[in-house]
Amino acid sequence: MAIYYKGIFFLAASAFLGEGIEVLVNMILARELGSHGLGLYMSILPSIFLIVLLSSFELQVSISKFIAEREERYHRNILYHALTITIVFTSILFLITAAVIPFIPVFNSYHPYIRWFVLILIPVIAFTSVARGYFMGMQQMGKIAVSNFLRKIMQLGVLFVLFRFFSFDAESSLLIAIGTLIGSEIVVFLYLIYTFIIQFQQLKRQPFSNINKKVVRKNLMAVSIPTTGLRLFSAFTGAIQPFIIKAALVHSGMTDTLATEQFGMLMGVAVSIGFFPAFIAHSLMIVLIPAVSKTYSQKDYPTLQKMLQQVMKLTLLYGVAAVTIFYFFAPQLTSLFFKSETSAVFLQLLWPFFLFHFFIMPLQAFLIGIDLLKEAFIHIIWSTIISFALILWLGSSPEWRMNGIIIGMNTGSVLLALMHYLTICKKIGVSVLMKGVMSKATER
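Just so it is clear, the model here is predicted, and its values are computed rather than measured.

### Overview of the overall build of the protein chain
In terms of helices and strands, the protein chain carries 16 helices and 0 strands. At 22 Å, the protein chain has a C-alpha radius of gyration in line with the 22 Å of a compact globule built from 444 residues. Counting every position in the protein chain, which comprises 444 residues, the buried fraction comes to 55%. For the protein chain, the proportion of contacts with a sequence separation of at least 24, taken over those separated by at least 6, is 82%. As displayed, the protein chain offers around 19400 Å² of accessible surface, 69% of which is attributable to carbon and sulfur atoms.

This is how it looks when you write it as structure tokens:
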């Protein structure tokens, strides 16, 4: 448990700094790109993140889980087979993407170089995921924390220098914004691969035992495939969400330009501010996956119940404080981006979306750790269907518009968090009110 808390502290501290930098990055982008340019930037990000997800194949999750569950003498062999899988998978994905990406219409509104910038991400993300997964499984969260901070500070530094001392047109500014994002991932890759090689050399000098290649592959694929499917569905829905929202707004009577600006204020301002405290939830998620996996493999249900109680209390504590601040200080916070009352209203109305999202991330880590990936996937599908249905129905109405879209987003977040929580409680033998049912848990 001491390692568990230490990992959370390191990740949360670096993530806090990183999120602070992220706010500065979004402020720079908002002022340099304008509301329309920011809307275009936010619209292309889900598509880029979709390619990032495919490249990672969620190896950081499967490797961290497998490493945490096995003795250190098996780690060298696990990593060897993981690297082999990564090389094969990355080569295939790179060739397929290179052939397909010129025909993907979502990139047509952007500089042609962006397509090829995205291609660079495939090997970068793939091999970074192997190193990240190993350090997560070994509970070496300091390295993960440093890499997260490096990404943010590099992005801020480059954007500040370029936009402070040079002048660009709208298309070039958007290209620089996206290119800088990709460049920051390359910096993370160089750092993590360097530290990974040093660690791997140390492993080679220690006694080791082999695991059958088929066993390693089966264990990694058993987590990577469903987790990738889960994340792929989320990334896909995230990629089409901007178009669904803007289509609903246009159907309600808005012009396409105004709909893009409204989406830019929603995602680039309100959501950017509202997700600031999510660095704690993300830190919890990274630490919980290997911690819960190891505890569950030992069938230590009382400890799992205690971990869930602690996570829920911590999330409730900072989550309520955060959304209260967002609600009462929304005009002051959003004015850092734009002098617009509209984005402040968006921030206030989205408080359920933010609060329950803070719960979703650590709860999803629990589901992965206790082998309930199928249930997590089903929950996400149902919550997304209901959320999108409300967005299209209410957002298309001239009386509701953005208010209806926000209702849909709030409903999806609340529903997903509740389904995750109830499923975990049933699995580990704890009541909804956090009262342990030890006898039922022991019988499993």
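### What to know about the side chain of Ser 64
By the element assignment, Ser 64 lies in helix H2 (residues 59-69). In terms of polar contacts, Ser 64 uses its side chain to reach the backbone carbonyl oxygen of Val 61, at 2.9 Å. Among residues more than four places away in sequence, those in contact with Ser 64 are Leu 59, Gly 133, Met 136, Gly 137, Ile 289 and Pro 290.

### What about unusual backbone geometry?
Phi angles above zero are rare outside glycine, and Lys 299 is one such case at about 55°. Counting through the fold element by element, Lys 299 comes out in the loop between helix H9 (278-297) and helix H10 (301-328). Looking at Lys 299, the relative accessible area reads 47%, which means it is partly exposed.

### Some details on the packing of aromatic side chains
Taken as a whole and judged by the stated rule, the model has 18 aromatic pairs. Aromatic side chains Phe 163 and Phe 168 sit 6.1 Å apart centroid to centroid with 80° between the ring planes, which places their arrangement in the edge-to-face category. On the basis of relative accessible area, Phe 168 is assigned to the partly exposed category, the value being 33%. The ring of Phe 165 carries the charged tip of Arg 164 above its face, separated from the ring centre by 5.5 Å. Here the guanidinium or amino end of Lys 246 rests over the ring plane of Phe 263, the centre of that ring lying 5.8 Å away.

### Focus on the confidence of the model for the protein chain
Looking at the protein chain, the pLDDT average stands at 85 and 96% of residues meet or exceed 70. In the predicted structure, residues 438-444 sits below a pLDDT of 50 and forms 11 contacts with residues beyond four places in sequence or in another chain.

### Topic: helix H5 (residues 141-165)
One turn of the α-helix equals 3.6 residues, which is why residues spaced by three or four share an orientation. For H5, built from 25 residues, the straight-helix expectation of 36 Å at 1.5 Å per residue is met to within 8% by its first-to-last C-alpha distance of 37 Å. For H5, the complete set of buried residues consists of Met 141, Ile 144, Ala 145, Ser 147, Asn 148, Arg 151, Lys 152, Gln 155, Leu 156, Leu 159 and Phe 163.

### Considerations on the environment of Trp 116
When you line up the elements, Trp 116 lands in helix H4 (residues 113-137). Residues Trp 116 and Pro 102, spaced 14 residues apart in sequence, show a C-alpha to C-alpha distance of 9.1 Å. Residues in contact with Trp 116, not counting those within four places in the same chain, are Ala 98, Ile 101 and Pro 102.

### A look at the packing of helix H14 (residues 373-395) against helix H15 (residues 402-428)
Helix-helix packing is characterised by the crossing angle of the two axes and by the distance between the axes. Following both chains from N to C, one finds H14 and H15 inclined at 165°, their axes separated by 8 Å at the closest point. Judged by the angle between their axes, H14 and H15 are roughly antiparallel. Here the hand of the crossing between H14 and H15 comes out right-handed. Contact residues: Glu 375, Ala 376, His 379, Ile 380, Trp 382, Ser 383, Ile 386, Ser 387, Leu 390, Ile 391, Leu 394 and Gly 395 in H14; Gly 404, Ile 405, Ile 407, Gly 408, Met 409, Thr 411, Gly 412, Leu 415, Leu 416, Met 419, His 420 and Thr 423 in H15.

### Things to note about the pattern of salt bridges
In the structure shown here, the tally under the stated rule is 3 salt bridges. Among the ionic pairs, Lys 65 bridges to Asp 371, the shortest N-O distance being 3.1 Å. Highlighted residues: Lys 65 in helix H2 and Asp 371 in the loop between helix H13 (351-369) and H14, separated in sequence by 306 residues. Taking relative accessible area as the criterion, Lys 65 reaches 6% and is therefore assigned buried. Judged by its relative accessible area of 47%, Asp 371 falls in the partly exposed class.

What counts as what
Residues numbered from 1 in each chain as written. Predicted model: local features only at pLDDT ≥ 70, side-chain atom pairs only at ≥ 80, totals over all residues. Heavy atoms only, no water. Helix = DSSP H or I, 4+ residues; strand = E, 2+ residues; numbered from the N terminus. Rg over C-alpha atoms; globule rule 2.2 N^0.38 Å. Buried < 20%, exposed > 50% of the residue type's maximum accessible area, 1.4 Å probe, protein only. Contact = heavy atoms within 4.5 Å. Areas by Shrake-Rupley, 256 points an atom, 1.4 Å probe, with all protein chains shown as cover. Polar contact = N/O pair within 3.5 Å; in protein donor to acceptor, adjacent residues only side chain to side chain. Phe/Tyr/Trp six-rings, centres within 6.5 Å; stacked < 30°, edge-to-face > 60°. Lys NZ or Arg CZ within 6 Å of the ring centre and 35° of its normal. pLDDT = per-residue confidence, 0-100. Expected span 1.5 Å × (residues − 1). Axes fitted to C-alpha atoms, helices over the stretch in contact; angles between N-to-C directions. Parallel < 35°, antiparallel > 145°, perpendicular 65-115°, else oblique. Left-handed = near helix turned anticlockwise from the far one by under 90°. Salt bridge = Lys/Arg side-chain N within 4 Å of Asp/Glu carboxyl O.

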